[in-house]
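Below, each chain spelled out in residue letters.
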Protein chains: 2
Amino acid sequence: MSANARETLIDVTQDLLWERGYAATSPRAILDRAGVGQGSMYHHFSGKEALAVAAFERSASATFATAAAVLNGPGSAVERIGGYLRLQREVLRGCPIGRMAADTDVLESAALQTLLADTFDRIRDLLVEVLADGVERGELRPGTVPGELADTVLAVVQGGYVLARAAGDPAPFERATRGALALLEA
Amino acid sequence: MSANARETLIDVTQDLLWERGYAATSPRAILDRAGVGQGSMYHHFSGKEALAVAAFERSASATFATAAAVLNGPGSAVERIGGYLRLQREVLRGCPIGRMAADTDVLESAALQTLLADTFDRIRDLLVEVLADGVERGELRPGTVPGELADTVLAVVQGGYVLARAAGDPAPFERATRGALALLEA
DNA sequence: GTCTATACAACGATAGAC
DNA sequence: GTCTATCGTTGTATAGAC
């Protein structure tokens, strides 16, 4: 629990956005879990959307930082991609970023949609760089298009979350990422 | 427009589930678009969930049939997988099946969750069969694990939808599927 | 079988006291 | 800066006329 209401509200909203999405997260649910009054929320934020933006910014930064740590880390290109594919945790909770793309209210909010698009763009840029390195060093086939394969890698992870949640079982995520890595290592 | 209220309700609910998901689709919205009274809905269905089940069953059958037509069709294994990857349409609307996995209310409904899981299982079975054929015929590397690669293919499609919707642009879907197909053809 | 009227809770936001 | 009280709207469902 944070020291002040503002921080507590952001923390709780991060959790609820991850668990329930944006549309299904009510101010009431946030306030109940945070243990603060309604007035505090409307004092610190103009409304539900502004609070969601603050919370989503934090989640996006954290997710990007985790990806960057692996992708800018040591190892060959294929090892770093493998590290990224194996990085994902809490598969059944879904991706805190990708989850938002299913929420129509998110796509209708200019601020949230931009944040969502930018976050994937930034992770994609990291992947493109690693894959271009891999081609240059001869780790990957000469014909490989980094700008396509980066989206393939991102999609396997995002789709893995979808399949795992649909099945109620992390196994499809594990299989999907293993299958992708096997193709890359071939 | 269908002849009777029951059919009209199912048709409209299919559309709204695709557009807005389950939680965000209210009976009121369905009735408004269908142009029928509230009494008709509660006469034919026990409530929102039962109507959603009827609608989702139809969408799932249609999606499965489309996949089966390509995957059980003519051509080599890689050609059929390529056909499946290229099959997807209306990328920005998202996948009518995969979309449901992001909706917490769907996962909390036994009937809807089972329908969702079964639909992916059935498509996965088709993919496993095609890929096993491909290994047998020597189209794919001997070390290939059909049970993993099937999830990879499914995940690329589902993740492609997520990335495209996040970007507000079908391009990431196209890149992701092209990148996957390039790996398979190598 | 279809309709309108109504019920009651939860939604997002505002008012105003402390 | 935080609280409670309240507003108007929408959520899902029921009642009962036709």
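Look a little higher up for the structure.
Residues numbered from 1 in each chain as written. Chains lettered and ligands numbered in written order. Predicted model: local features only at pLDDT ≥ 70, side-chain atom pairs only at ≥ 80, totals over all residues. Heavy atoms only, no water.

(A) The packing of helix H8 (residues 146-167) of chain A against helix H9 (residues 171-185) of chain B, seen in detail. Where H8 of chain A meets H9 of chain B, the axes come as close as 7 Å, and the angle between the chain directions of the two elements is 95°. Taken together, the axes of H8 of chain A and H9 of chain B are roughly perpendicular relative to one another. Packed against H8 of chain A, whose contacting residues are Gly 147, Glu 148, Leu 149, Asp 151, Thr 152 and Ala 155 of chain A, the element H9 of chain B presents Pro 172, Arg 175, Ala 176, Arg 178, Gly 179, Ala 180 and Leu 183 of chain B at the interface. (Axes fitted to C-alpha atoms, helices over the stretch in contact; angles between N-to-C directions. Helix = DSSP H or I, 4+ residues; strand = E, 2+ residues; numbered from the N terminus. Parallel < 35°, antiparallel > 145°, perpendicular 65-115°, else oblique. Contact = heavy atoms within 4.5 Å.)

(B) Molecular detail of the side chain of Thr 13 of chain B. Residues and elements named next belong to chain B. If you trace the backbone, Thr 13 turns up in helix H1 (residues 5-20). Of the polar contacts made by the side chain of Thr 13, one reaches the backbone oxygen of Leu 9; its length is 2.7 Å. The contact partners of Thr 13, leaving out residues within four places of it in the chain, are Ile 30, Leu 51, Ala 52 and Ala 55. (Polar contact = N/O pair within 3.5 Å; in protein donor to acceptor, adjacent residues only side chain to side chain.)

(C) Molecular detail of the protein's contact with DNA strand D. The immediate surroundings of DNA strand D are formed by 16 residues, with Gly 37, Gly 39 and His 44 of chain A together with Ser 26 and Pro 27 of chain B found nearest. Atoms of DNA strand D within 4 Å of the protein: sugar and phosphate make up 64%, bases the balance. Contacts to DNA strand D include Gly 37 of chain A, whose backbone N or O atom sits 2.2 Å from a phosphate oxygen. Between DNA strand D and His 43 of chain A there is a distance of 3.5 Å, counted from a phosphate oxygen to a side-chain nitrogen or oxygen. Elements represented by at least two residues in the surface near DNA strand D include exactly helix H3 (38-44) of chain A together with helix H2 (27-34) and helix H3 (38-44) of chain B. Element by element, the count of residues in the surface near DNA strand D is highest for H3 of chain A, at 5 residues. (Near = heavy atom within 4 Å.)

(D) Examining the interface of chain A and chain B more closely. Listed by partner, the interface residues are 43 residues for chain A and 43 residues for chain B. Together, the buried faces of chain A and chain B total about 3400 Å²; carbon and sulfur atoms form 61% of this surface. Our count for the contact surface shared by chain A and chain B stands at 8 salt bridges. For Arg 175 of chain A, the salt bridge is made with Asp 151 of chain B, and the minimal N-O distance between the two is 2.5 Å. Where chain A touches chain B, the interface holds 20 residue pairs in polar contact (both at pLDDT 80 or more). Counting residues per element, the ones that place at least two in the side of chain A that touches chain B are helix H1 (5-20), helix H6 (104-108), helix H7 (110-136), H8 and helix H9 (171-185) of chain A. Its residues placed into classes, the side of chain A that touches chain B shows 21 nonpolar, 10 polar and 12 charged. (Buried area = accessible area lost by both parts, 1.4 Å probe. Salt bridge = Lys/Arg side-chain N within 4 Å of Asp/Glu carboxyl O. Nonpolar A, V, L, I, M, F, W, Y, C, P; charged D, E, K, R; others polar.)

(E) Geometry of the protein's contact with DNA strand C. Lining the immediate environment of DNA strand C, one finds 16 residues, of which Ser 26 and Pro 27 of chain A together with Gly 37, Gly 39 and His 44 of chain B sit closest. If you look at DNA strand C and keep only atoms within 4 Å of the protein, 63% of those are sugar or phosphate atoms. Within the contact set of DNA strand C, a phosphate oxygen lies 3.1 Å away from a side-chain nitrogen or oxygen of Tyr 42 of chain A. Here a base nitrogen of DNA strand C sits 3.3 Å away from a polar atom, N or O, in the side chain of Gln 38 of chain B. Top contributing element to the surface near DNA strand C by residue count: H3 of chain B, with 5 residues. Its residues assigned to classes, the surface near DNA strand C comprises 4 nonpolar, 10 polar and 2 charged.

(F) Local environment of the state of the cysteines. All chains considered together, the criterion is met by 0 disulfides over all chains. Not part of a disulfide, Cys 95 of chain A finds its nearest cysteine sulfur in Cys 95 of chain B, a span of 18 Å. Taking the relative accessible area as the measure of exposure, Cys 95 of chain A reaches 8% and is therefore buried. (Disulfide = S-S within 2.5 Å. Buried < 20%, exposed > 50% of the residue type's maximum accessible area, 1.4 Å probe, protein only.)

(G) Examining the environment of Leu 154 of chain A more closely. Checked against the element boundaries, Leu 154 of chain A lands in helix H8. Distance from Leu 154 of chain A to Ala 176 of chain A, taken between C-alpha atoms, is 12 Å for residues 22 residues apart in sequence. In contact with Leu 154 of chain A, not counting residues within four places along its chain, are Tyr 84, Phe 120, Ile 123, Arg 124 and Leu 127 of chain A together with Leu 163 of chain B.

(H) Up close: H2 of chain B. All names here are of chain B. Those residues of H2 that fall on the buried side of the exposure criterion are Pro 27, Ile 30, Leu 31 and Ala 34. All buried residues of H2 fall inside an arc of 95° around its axis, so they share one side. Residues of H2 that are exposed and angled more than 90 degrees away from the buried face: Arg 28 and Asp 32. Next to the buried residues of H2 lie H1, H3 and helix H4 (48-71). (Arc of directions from axis to C-beta.)

(I) Region of the structure containing empty space enclosed by the protein. Inspection of every chain in the model, using the stated rule, returns 5 cavities of 30 Å³ or more. Roughly 280 Å³ of internal volume is contained in the largest cavity. As for the largest cavity, its lining consists of 21 residues, of which Ala 102 and Val 162 of chain A together with Gly 98, Ala 102 and Val 162 of chain B are closest to the centre. Only H8 of chain A together with helix H8 (146-167) of chain B provide two or more residues apiece to the lining of the largest cavity. (1 Å grid on protein atoms, 1.4 Å probe; cavity = no way out; pocket = protein on both sides within 12 Å on 5 of 7 lines; lining within 4 Å. Points joined across faces, edges and corners; volume = space filled by probe spheres on them.)

As far as function goes, none of this settles anything; it's purely spatial.
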